[in-house]
Amino acid sequence: MRIGFIGLGNMGAPMAANLAAAGHQVAGFDTAAPTPQGVTAASSAAEAVREADVVITMLPNGQILQAVAAQIIPAMRAGAVLCDCSTVDVDSARAVAVMARDAGLGALDAPVSGGTGGAQAGTLTFMVGGDAGDFATVQPLFEVMGQKAVHCGDSGAGQAAKICNNMILGVTMIATCEAFALADKLGLDRQKMFDVVSTSSGYSWSMNAYCPAPGVGPVSPADRDYAPGFASELMLKDLNLSQMAAESVGADTPMGALARQHYEDFVEREDGRGRDFSAMLPRLSQRQR
Ligand code: NAD
């Protein structure tokens, strides 16, 4: 397939490189990042998408996505599919889908889970909103870049799944960290805490796969002095998106709101910026009521 790829950052670069390595013709564009091996550098976003059957965007936020969409949609071939893999607000995802369809294009919102490790290894999970036909067109590319793609429903459904998942992640990470901090103060050995909880009803991905305590459980950012991984400011971004979405539909999400407040304090007023989101553990360990 001919692919246009816009946004070659930490996630986009390995995703585009994997598509090129699988034999697809990939033209890439980024305003700052270098073009990865196997990808042809385009001189502009419009240039990257002109010949493409599928255009993939992997951009920082919904505002930038909407601006890029306005540049590339008029340049895309009729019948091509615009597939956005960024994490953005549901409203931006739906607005871009409307713009694309009005121009005779297909449109998918297809945010991912799995982080930079998953992007490099080609093991991402895609959660996808849009038409079944467009999903089928892009499915072979999801198979190259990931291990699983779930068609969640109409436009916006992929972003809805992503922000709900990450709201659970933010809340369970804080819960896991505060339980470790309490266990420490009660004199419980961290390894014993892991051994019990990881096989008891308190288990979660945050405990079992991404344990915030160094030296305990599988290797995680905690073992690299909390170098991300998944940075606290990205978790804050996602918790802001879930709270915005909750407000727009009148959903009561008290734990999501509290998690958002904790990550905002950590990133904006403490030393959380640039640290993995599991560094909530040393933050809570230091605190005393
Ligand atoms: P990043 O900042 O490394 O990459 C974004 C890229 O977009 C940058 O290289 C930037 O130069 C480029 N860009 C910005 N404006 C542009 C424009 N107008 N035209 C072309 N390129 C432009 O971010 P990332 O970590 O690759 O994340 C990308 C998206 O994936 C975000 O929405 C993020 O929330 C989501 N995401 C990230 C992770 C992760 O672990 N990093 C995991 C899941 C989802």
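Model, not experiment: these values are computed from the prediction. (Residues numbered from 1 in each chain as written. Predicted model: local features only at pLDDT ≥ 70, side-chain atom pairs only at ≥ 80, totals over all residues.)

1. Some points on the domain arrangement of the chain
Here the chain is described as being made up of domain 1 (2-154) and domain 2 (160-286). Taking only C-alpha atoms, the centre of domain 1 and the centre of domain 2 are 29 Å apart. Each partner contributes residues to the interface: domain 1 has eight residues there, and domain 2 has nine residues. Broken down by class, the residue content of the side of domain 1 that touches domain 2 amounts to four nonpolar, three polar and one charged. (Domains from an automatic or database assignment. Contact = placed C-beta atoms within 7 Å. Nonpolar A, V, L, I, M, F, W, Y, C, P; charged D, E, K, R; others polar.)

2. Points about the site of the ligand
In the vicinity of the ligand there are 25 residues, among which Gly9, Asn10, Met11, Ala33 and Ser86 approach most closely. Among the secondary structure elements, those contributing two or more residues to the shell around the ligand are α3 (62-72) and α5 (115-121). Broken down by class, the residue content of the shell around the ligand amounts to 15 nonpolar, nine polar and one charged. (Near = placed C-beta within 6 Å. Helix = DSSP H or I, 4+ residues; strand = E, 2+ residues; numbered from the N terminus.)

3. Section: the packing of helix α1 (residues 12-21) against helix α6 (residues 132-145)
Contact pair α1 / α6: the axes reach a minimum separation of 9 Å and the direction vectors enclose 110°. As summarised for this structure, α1 and α6 are arranged roughly perpendicular, according to the angle between their axes. Residues Met15, Asn18 and Leu19 of α1 pack against Leu141, Val144 and Met145 of α6. Classifying every residue of the contact of α1 with α6 by side-chain character gives five nonpolar, one polar and no charged. (Axes fitted to C-alpha atoms, helices over the stretch in contact; angles between N-to-C directions. Parallel < 35°, antiparallel > 145°, perpendicular 65-115°, else oblique.)

4. Brief notes about α6
An ideal rise of 1.5 Å per residue puts 20 Å on 14 residues; α6 measures up with 19 Å between its terminal C-alpha atoms. When the local axis directions of α6 are compared, the greatest deviation, roughly 45°, occurs at Val138, which is followed within four positions by the proline Pro140. When we look at burial in α6, the residues that qualify are Asp134, Phe135, Val138, Leu141, Phe142 and Met145. (Expected span 1.5 Å × (residues − 1). Bend = angle between axes of the 7 residues up to and from the residue. Buried ≥ 20, exposed ≤ 12 C-beta atoms within 10 Å, placed from the backbone.)

5. What about the nonpolar core?
In terms of nonpolar packing, the biggest core is built from 95 residues, with Ala16, Val54, Val55 and Cys83 touching the most fellow members. No other element matches the twelve residues that helix α7 (residues 157-185) contributes to this core. What Val54 contacts, discounting residues up to four positions off in sequence, is Met1, Ile3, Ala80, Val81, Cys83, Thr137, Val138 and Leu141. (Core = buried A, V, L, I, M, F, W, Y, C linked by C-beta atoms within 7 Å.)

6. Topic: the pairing of strand β2 (residues 25-29)
By the criterion of burial, β2 is predominantly enclosed, with four of the five residues buried. As a crossover connection, the stretch from strand β1 (residues 2-6) through α1 into β2 is right-handed. Relative to strand β3 (residues 40-41), β2 runs parallel, the two being bridged by two bridges. Considered in β3, the bridge of Gly28 is made with Ala41. (Right-handed = clockwise from strand over helix to strand, strands pointing away. Pairing = 2+ DSSP bridges.)

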